[in-house]
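Structural description and commentary
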Amino acid sequence: MANSTAEKAKAAPAEPVSMMSVLAPAIGWLIPGAGHMIQKRWIRGLLLFVSIMTLFVLGLAMQGRIYKANGGDILDILGFIGDVGAGGIYILTLANDWGQGAIAFATADYGTKFMIVAGLLNFIAVADAYHIAIGKKK
Amino acid sequence: MTITLNHFSAAAVFALFTSIVFGITHRENTRDMVRYGLYCFVMFLGGVLAAGWAMWLLRK
């Protein structure tokens, strides 16, 4: 078993680390869709940007709550991991103290989930940008 | 600014944008992306409607 794993690792050609394979995921995390745009996938990048930003901004407008870095409840930690995926807009939200959540609004909980999902979708978009950069996807 | 969406509109908006991202990231060419995006959208909304009707039947 260990042998076959070692053989597979030997057989697989090592992916060359290019500038783009580092830059595209980093920029894509900071600005949703930008990882695709710098690789000239303009329409895909724009659609990703609009989709992820709209979900996040709608979440804020619905009075959703933003999770900060914490070491408490497991659901709070997972909420933070989801939110942090949104990158630049998450940092902007924290800096401006937005996303405090309002219990008075029944839809505030939907808003919280919208923001978490926006972050998680951005993680997928970042992985996609990386796959394009290393030539695994066109 | 506060936006208040009802349950169905929130689900529809969620389904729309999530399907777009799924379509782009999970398929290779444009045609497959559109098809998979539409499939996800229909599944999301279909799931909401099916769950809604199931809950209505359970309540009866």
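Residues numbered from 1 in each chain as written. Chains lettered and ligands numbered in written order. Predicted model: local features only at pLDDT ≥ 70, side-chain atom pairs only at ≥ 80, totals over all residues.

1. Things to note about the overall build of chain A
Tallying secondary structure elements over chain A gives seven helices and zero strands in all. Taken across its 138 residues, chain A has 42% of its residues classed as buried. Partitioning the intrachain contacts of chain A with sequence separation of at least 6 by distance along the chain shows that 70% fall at a separation of at least 24. (Helix = DSSP H or I, 4+ residues; strand = E, 2+ residues; numbered from the N terminus. Buried ≥ 20, exposed ≤ 12 C-beta atoms within 10 Å, placed from the backbone. Contact = placed C-beta atoms within 7 Å.)

2. What about the overall build of chain B?
What chain B contains, in helices and strands, is two helices and zero strands. Over its C-alpha trace chain B gives a radius of gyration of 14 Å, far above what one expects of a compact globule, namely 10 Å for 60 residues. Over its C-alpha atoms, taken along the principal directions, chain B stretches across nearly 45 × 35 × 10 Å. The buried share of chain B, taken over its 60 residues, is 20%. (Rg over C-alpha atoms; globule rule 2.2 N^0.38 Å.)

3. Re the nonpolar core
Residues A:Ile52, A:Leu55, A:Phe56, A:Phe114, A:Met115, A:Ala118 and B:Val21 are the most contacted members of the largest nonpolar core, which totals 39 residues. Secondary-structure elements contributing two or more residues to this core are helix H2 (19–30), helix H3 (34–37), helix H4 (42–61), helix H5 (74–84), helix H6 (88–95) and helix H7 (108–133) of chain A together with helix H1 (7–26) of chain B. The dominant element in this core, judged by the number of residues it contributes, is H7(A), at twelve residues. (Core = buried A, V, L, I, M, F, W, Y, C linked by C-beta atoms within 7 Å.)

4. What to know about the environment of A:Gly88
Residues and elements named next belong to chain A. Turning to its location among the elements, Gly-88 is positioned in helix H6. Note on Gly-88: 15 C-beta atoms within 10 Å, which makes it partly exposed. Leave out the neighbours within four places in its chain, and Gly-88 touches Leu-30 and Ile-31.

5. Topic: the interface of chain B and chain A
The interface of chain B with chain A comprises 15 residues on the first partner and 22 residues on the second. Among the residues forming the side of chain B that touches chain A, the class breakdown is ten nonpolar, four polar and one charged. (Nonpolar A, V, L, I, M, F, W, Y, C, P; charged D, E, K, R; others polar.)

6. Observations concerning the packing of H2(A) against H7(A)
All names here are of chain A. As a packed pair, H2 and H7 sit with axes 8 Å apart at the nearest point and diverge in direction by 160°. With respect to their mutual orientation, H2 and H7 come out roughly antiparallel. Of the two elements, H2 crosses H7, and the hand of that crossing is right-handed. On the side of H2, the interface is formed by Met-20, Ser-21, Ala-24, Pro-25, Gly-28 and Trp-29, while H7 contributes Asn-122, Ala-125, Val-126, Ala-129, Tyr-130, Ile-132 and Ala-133. (Axes fitted to C-alpha atoms, helices over the stretch in contact; angles between N-to-C directions. Parallel < 35°, antiparallel > 145°, perpendicular 65-115°, else oblique. Left-handed = near helix turned anticlockwise from the far one by under 90°.)

7. Examining the confidence of the model for chain B
With 100% of its residues at a pLDDT of 70 or more, chain B has an overall mean of 95. With a pTM of 0.89, the predicted complex shows an ipTM of 0.92. (pLDDT = per-residue confidence, 0-100.)

8. Things to note about unusual backbone geometry
Residues and elements named next belong to chain A. Here Lys-40, not a glycine, exhibits a phi torsion of approximately 65°, which is positive. Mapping Lys-40 onto the fold places it in the loop between H3 and H4. Despite not being glycine, Gln-63 shows a phi value in the positive range, around 65°. Its 24 C-beta neighbours within 10 Å are what place Gln-63 among the buried residues.

9. So, the environment of A:Ile43
Residues and elements named next belong to chain A. Within the secondary structure, Ile-43 sits in helix H4. Using a count of 11 C-beta atoms within 10 Å as the deciding quantity, one classes Ile-43 as exposed. Taking the C-alpha atoms as reference, Ile-43 lies 9.4 Å from Gly-33; in sequence the two are ten residues apart.

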